[in-house]
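# Close look at the chain arrangement
Here's the letter readout for the chains.
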Amino acid sequence: MGEIEIISRKLYAATLTSIIGFFIVPFFFYEISPGYNLAAGLAVSIWTVPTLFIGGVISSIVIEYRDKSHSFGFSYLKHLGCALICTLLFSILTSDMLLTGIIAFSYVTIFFIIDCITKYVETKSEH
């Protein structure tokens, strides 16, 4: 699999994650603002989408290139570690580190699942 395919797969996963995350994030703010509030999704997306496309895609590419064991679980843990670093950086801007961590965990999990499914479909279509 070439570099272009890997980069396009990561960008595809980031795009779908951004769209899904936009609609899922408002559920995390239910206690603060009762009801489904798309403004919360937009507010969170202003920070998470650029972070996902810059930091998330780049770190995921590096993780994939450097992963010699091809372990699904270990790769996921590496992605979670990168999300933890981003969470610590964003905790400077927010007072609720737990909520920030839950959102980061959600985005990483969605991104990782989409990326793995896309990778599996690509390898199946090659054979």
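The structure presented is a predicted model; accordingly, all values stated were derived computationally and were not measured. (Residues numbered from 1 in each chain as written. Predicted model: local features only at pLDDT ≥ 70, side-chain atom pairs only at ≥ 80, totals over all residues. Heavy atoms only, no water.)

## A word on the layout of surface pockets
Let me state the cut-off plainly: Using a grid of 1 Å spacing that covers the protein atoms alone, one calls a set of points a cavity when a 1.4 Å probe fits there but cannot get out, and a pocket when the set is open and has protein on both sides within 12 Å along at least five of seven lines; lining residues are those with an atom within 4 Å of a point. Grid points are joined across faces, edges and corners, and a volume is the space filled by probe spheres set on the points. To qualify as a helix, a DSSP run of H or I must reach at least 4 residues; to qualify as a strand, a run of E must reach at least 2; elements of each kind are numbered from the N terminus. Classification convention: Asp, Glu, Lys, Arg as charged; Ala, Val, Leu, Ile, Met, Phe, Trp, Tyr, Cys, Pro as nonpolar; all other residues, Gly among them, as polar.
Roughly 610 Å³ of volume is contained in the largest pocket. T48, F90, T100, I103 and A104 are the residues nearest the centre of the largest pocket, which is lined by 27 residues in total. Of all elements in the fold, only α2 (38-66), α3 (72-90) and α4 (97-126) reach the threshold of two or more residues within the lining of the largest pocket. It is α2 that contributes the most residues to the lining of the largest pocket, 9 residues altogether. Taken together, the residues of the lining of the largest pocket break down into 17 nonpolar, 9 polar and 1 charged.

## Remarks on the packing of α2 against α4
A pair of packed helices can be characterised by two numbers: the angle between their axes and the separation between those axes. So the rule is basically this: Each axis is a line fitted through C-alpha atoms, taken for helices only over the stretch in contact, and angles between the N-to-C directions span 0 to 180 degrees. Here the word oblique covers every angle except those under 35 degrees (roughly parallel), over 145 (roughly antiparallel) and from 65 to 115 (roughly perpendicular). For any helix crossing, the convention is left-handed if the near helix is rotated counterclockwise from the far helix by under a right angle, and right-handed if that rotation is clockwise. Should any heavy atoms of two residues lie within 4.5 Å, those residues are considered in contact.
Direction vectors running N to C along α2 and α4 enclose 50°, while the axes themselves pass 11 Å from each other. Of the possible angle classes, the one that applies to α2 and α4 is oblique. Regarding α2 and α4, the two cross each other, and that crossing is right-handed. Across the interface between the two elements, V44, S45, T48, L52, S60 and E64 from α2 touch I103, Y107, F111, D115 and K119 from α4. For the contact of α2 with α4, the per-class residue count stands at 5 nonpolar, 3 polar and 3 charged.

## Section: the packing of aromatic side chains
Applied cut-off: Any pair of Phe, Tyr and Trp rings, taking the six-membered ring for Trp, is counted once the centres come within 6.5 Å. Such a pair is stacked with planes under 30 degrees apart, edge-to-face with planes over 60 apart, and tilted for the rest. Note on exposure labels: buried denotes an accessible area under 20% of the residue type's maximum, exposed denotes more than 50%, and partly exposed covers the range between, all computed with a 1.4 Å probe on protein chains only.
Considering all chains together, one arrives at 3 aromatic pairs under this definition. Arranged with centres 5.2 Å apart and planes meeting at 50°, the rings of Y76 and F112 form a pair that is tilted. Taken together, the positions of Y76 in helix α3 and F112 in helix α4 put the pair 36 residues apart, joining distant regions of the chain. F112 matches Y76 in its accessibility class, with the two residues each being buried.

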